[in-house]
Amino acid sequence: MATGAALADLITGATGAAGATGATGATGATGATGGVGATGATGATGATGGVGATGATGATGATGATGATGATGATGSANTAESVLTISSGVVNIDCSLANFFTLTLSANVTSVTFTNLPAAANATTIMIQITQNASAAKTVAFPASFKWPGGTTGVVSTTLSAVDLVAASTFDQGTTWQVNMANAYT
C-alpha cells in the first residue's frame, strides 16, 4: 500500500479560498522620452476674403488763404457814343473825353486838327473819325505832323462829292505821336 505521503499525494483535498490580493507594488521609473517626429506638410492656402466696406470720408480741410489781388487794368474811355466835330476858322478840335467815335462833314477846308483831354500817362487811346466830303465842292484836310502813316505816306481825303472816309488813330504817348490808317471812298 501506499505510504502516507504518497497517499496524500493521491488524495487531493478541496482547494481553499483564494487569499486576498496583495498590495500594488511601487510604480516603476518613467522611461526616456522618444525623439520629435517630422513636421507635417503645409496645408493649402485658404480663399481670399471679400473687400471690406469703404471707410467714412474724412473731414474737409480748412480753406486756404485768398490770393493776392491782380493789378488793375488801364482805364480807357468808356464812351461809345459818337461826337460830331465842327470846323471853326479851319480848325477841328477833338475832345477825347467826349467819345472815341467822331463824325466830321467837310463844310470848309481843315487847316489844323488839335486834341484836348487826352488820357493820362501810361494809358493809350484809339479814335475813329468818319469824314464825309462836302456835297457841292470838294474840301481838303491838313492832318497834324503827329500823325504817322503806314509807309510814311500821308493820307488824303477823297475828293468825290459826298464820299465817306474812315480814319483810325491810336496814341500810346498822350498824343505826341498817333499811328494812323485811312480807308477811302465809302460811297
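Residues numbered from 1 in each chain as written. Predicted model: local features only at pLDDT ≥ 70, side-chain atom pairs only at ≥ 80, totals over all residues. Heavy atoms only, no water.

**Thoughts on the side chain of Ser 146**
Of note, Ser 146 is situated in the loop between strand S5 (125-132) and strand S6 (147-148). Apart from the residues lying within four places of it in its own chain, the contact partners of Ser 146 are Gly 175, Thr 176, Thr 177 and Trp 178. (Helix = DSSP H or I, 4+ residues; strand = E, 2+ residues; numbered from the N terminus. Contact = heavy atoms within 4.5 Å.)

**Description of the confidence of the model for the chain**
Model confidence for the chain is summarised by a mean pLDDT of 86, while 87% of its residues fall at 70 or above. Confidence, expressed as mean pLDDT per element, reaches its minimum in the chain at helix H1 (residues 4-10) with 54 and its maximum at S6 with 98. (pLDDT = per-residue confidence, 0-100.)

**Things to note about the sheet that holds strand S3 (residues 101-105)**
Read from one edge of the open sheet, six strands run S1-S3-S5-S7-S8-S6, paired in mixed fashion. Two strands in the sheet have a free side with no partner beyond their single neighbour: strand S1 (82-85) and S6. (Pairing = 2+ DSSP bridges.)

**Quick notes on the nonpolar core**
In terms of nonpolar packing, the biggest core is built from 25 residues, with Ile 94, Ile 129 and Phe 143 touching the most fellow members. Those elements that place two or more of their residues in this core are strand S2 (91-95), S3, strand S4 (112-116), S5, strand S7 (164-171) and strand S8 (178-186). With residues up to four places along the chain from it excluded, the contact list for Phe 143 reads Ile 131, Trp 149, Gly 155, Val 157, Val 167 and Met 182. (Core = buried A, V, L, I, M, F, W, Y, C linked by side-chain atoms within 4.5 Å. Buried < 20%, exposed > 50% of the residue type's maximum accessible area, 1.4 Å probe, protein only.)

**A word on the packing of aromatic side chains**
Applying the stated criterion across every chain yields a total of six aromatic pairs. Between Phe 143 and Trp 149 the ring centres are 5.2 Å apart and the planes differ by 65°, which places this aromatic pair in the edge-to-face class. In textbook terms, an aromatic cluster arises when at least three aromatic residues are bridged by ring pairs, as seen for Phe 115, Phe 143, Phe 147, Trp 149 and Trp 178. (Phe/Tyr/Trp six-rings, centres within 6.5 Å; stacked < 30°, edge-to-face > 60°.)

**Considering unusual backbone geometry**
The phi dihedral of Gln 174 falls on the positive side, at around 60°, and the residue is not glycine. Looking at the secondary structure, you find Gln 174 in the loop between S7 and S8. Overall, the relative accessible area of 39% leaves Gln 174 in the partly exposed class. Its identity is not glycine, yet Ala 185 carries a phi of approximately 60°, on the positive side. For Ala 185, the position within the fold is in strand S8. A relative accessible area of 41% places Ala 185 in the partly exposed class.

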